[in-house]
Amino acid sequence: MTKPPFVLDSVTHLKPEHAGAAVVAASHGGHYAGWYAATMGVRAVILNDAGVGRELAGIAGLELLARHGIPAACLSHRSARIGQGRHSYEHGRLSFVNALAGKLGLAAGMACAEALAIMSKAARLPASKPAPELEVRVERPDLGCAGVRVIVLDSISLVTPEDIGHIAVSASHGGLLGGNPDTPVKYPVFAVVTNDADRGIDDAGISRLPALDAKGIAGACVSAFSARIGDGRSTLDDGYISAINDTAVRYGGAVGQSCRAFVAAMVEARAKSL
């Protein structure tokens, strides 16, 4: 029996019960998100193009999904708030589709709700799961100092309790999941970097920043055109700060800094507070 479609705020919210279903997941459409969706066995998925960004990283997952037999599309970040599944479903318009989605009749400009209905009713294609990949979570002792750690992450979902009070450099988008200001990050790190996803409608791509401010956490976003979204190493090595909150400014952060310079300022500020 065909499963009903699902609407989620993040691809990381996929569970075994979503296998075989068509899903709207309001994550970016990058490689990591595509890999995760394929690994979880969805029959079809709609993501967010995150402004496309550097080296088309915001939609890189579409090709991966096609290789594994999964129709997929991305919504324009100018139509759908990244990180907000309900808004994506109700207001999103497609901007990119992979070849398998195109064969189902999906095309740029189509409403998300219409596209999801088509995907959920279409016959399930033979699909394969991708090979396991290592999710990047790397500590960089060369950037930290005594008592202050710097952790580089492909996804902010990889933050753990041991990161409390330290600096997290994440390649996730900077949007609030479900628009909920209570959970800008799972654990109270000292500072966190995300990707601005080219901001998008209602500045959703940087909506995490004021919520971090309210919790006394320094927050900054790198430009989607400077660093590949979903790639933590690119965030650190290539990223330039495009948006920042007041807490980060007080600690020496500034728009226009390289991500490495921002991290250095946060390490210094944290070390002084110990």
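Report follows, based on the coordinates. (Residues numbered from 1 in each chain as written. Predicted model: local features only at pLDDT ≥ 70, side-chain atom pairs only at ≥ 80, totals over all residues. Heavy atoms only, no water.)

1. A word on the overall build of the protein chain
Here's step 1: Across its full length, the protein chain carries 9 helices and 11 strands.
Here's step 2: Its C-alpha radius of gyration of 18 Å places the protein chain within 12% of the 19 Å reference for a compact globule of 274 residues.
Here's step 3: The principal-axis extents of the C-alpha atoms in the protein chain amount to approximately 60 × 35 × 30 Å.
Here's step 4: Considering the protein chain as a whole, with its 274 residues, one finds that 57% of them fall into the buried category.
Here's step 5: Considering only contacts in the protein chain between residues 6 or more positions apart, those separated by 24 or more positions represent 60%.
Here's step 6: If the 26 positive side-chain charges of the protein chain are averaged to one point and the 25 negative ones to another, these points end up 5 Å apart. (Helix = DSSP H or I, 4+ residues; strand = E, 2+ residues; numbered from the N terminus. Rg over C-alpha atoms; globule rule 2.2 N^0.38 Å. Buried < 20%, exposed > 50% of the residue type's maximum accessible area, 1.4 Å probe, protein only. Contact = heavy atoms within 4.5 Å. Lys, Arg positive; Asp, Glu negative; His and termini not counted. Charge placed at Lys NZ, Arg CZ, Asp CG, Glu CD.)

2. What about the pattern of salt bridges?
Here's step 1: Applying the stated criterion across every chain yields a total of 16 salt bridges.
Here's step 2: One salt bridge in this structure joins Arg-199 and Asp-203, with 3.5 Å as the shortest N-O distance.
Here's step 3: In this structure Arg-199 comes out as partly exposed when scored by relative accessible area, which is 31%.
Here's step 4: Close ionic contact of Asp-231 with Arg-228 constitutes a salt bridge, the shortest N to O distance being 3.0 Å.
Here's step 5: According to the relative accessible area criterion, Asp-231 is partly exposed, its value standing at 21%.
Here's step 6: Note on Arg-228: relative accessible area 25%, which makes it partly exposed.
Here's step 7: If you follow the salt bridges from partner to partner, you end up with Arg-54, Glu-55, Arg-228, Asp-231 and Asp-238 in one network. (Salt bridge = Lys/Arg side-chain N within 4 Å of Asp/Glu carboxyl O.)

3. Some details on the side chain of Asp-154
Here's step 1: Relative to the assigned elements, Asp-154 resides in the loop between strand E7 (150–153) and strand E8 (167–173).
Here's step 2: The charged side chain of Asp-154 is buried without a salt bridge, its nearest counter-charge being Arg-233 at 5.8 Å.
Here's step 3: Side-chain polar atoms of Asp-154 contact the backbone nitrogen of Gly-232, separated by 2.8 Å. (Polar contact = N/O pair within 3.5 Å; in protein donor to acceptor, adjacent residues only side chain to side chain.)

4. Regarding the sheet that holds strand E5 (residues 94–97)
Here's step 1: Strands sit in the order E1-E2-E3-E4-E5 across an open sheet of 5 strands; the sheet is mixed. Both outer strands of the open sheet, strand E1 (6–8) and E5, are each paired with one neighbouring strand and no more. Across this sheet, the average inter-strand angle for adjacent strands is 20 degrees, counted without regard to direction.
Here's step 2: Across 4 bridges, the pairing between strand E3 (residues 44–48) and strand E4 (residues 72–75) is parallel. (Pairing = 2+ DSSP bridges. Axes fitted to C-alpha atoms, helices over the stretch in contact; angles between N-to-C directions.)

5. A few points about the layout of surface pockets
To find leftover empty space, one rolls a probe the size of a water molecule over the atoms.
Here's step 1: For the largest pocket, the calculated volume is near 360 Å³.
Here's step 2: Surrounding the largest pocket, 21 residues form its lining, Ser-10, Thr-12, Ile-156, Ser-157 and Leu-177 being those nearest its centre.
Here's step 3: Counting only elements with at least two residues in the lining of the largest pocket, the list comes to strand E2 (22–28), helix H1 (31–39) and E8.
Here's step 4: Across the lining of the largest pocket, the residue classes break down as 7 nonpolar, 11 polar and 3 charged.
Here's step 5: Within this model, the second largest pocket holds a volume of roughly 240 Å³.
Here's step 6: Along its surface, the second largest pocket is lined by 17 residues, and His-31, Tyr-32, Asp-154, Gly-230 and Asp-231 are the ones closest to its centre.
Here's step 7: Broken down by element, the lining of the second largest pocket gets its largest block of residues, 3 residues, from H1.
Here's step 8: The residue inventory of the lining of the second largest pocket, partitioned by class, reads 7 nonpolar, 3 polar and 7 charged. (1 Å grid on protein atoms, 1.4 Å probe; cavity = no way out; pocket = protein on both sides within 12 Å on 5 of 7 lines; lining within 4 Å. Points joined across faces, edges and corners; volume = space filled by probe spheres on them. Nonpolar A, V, L, I, M, F, W, Y, C, P; charged D, E, K, R; others polar.)

Such coordinate-based values are descriptive only and should not be taken to indicate function.
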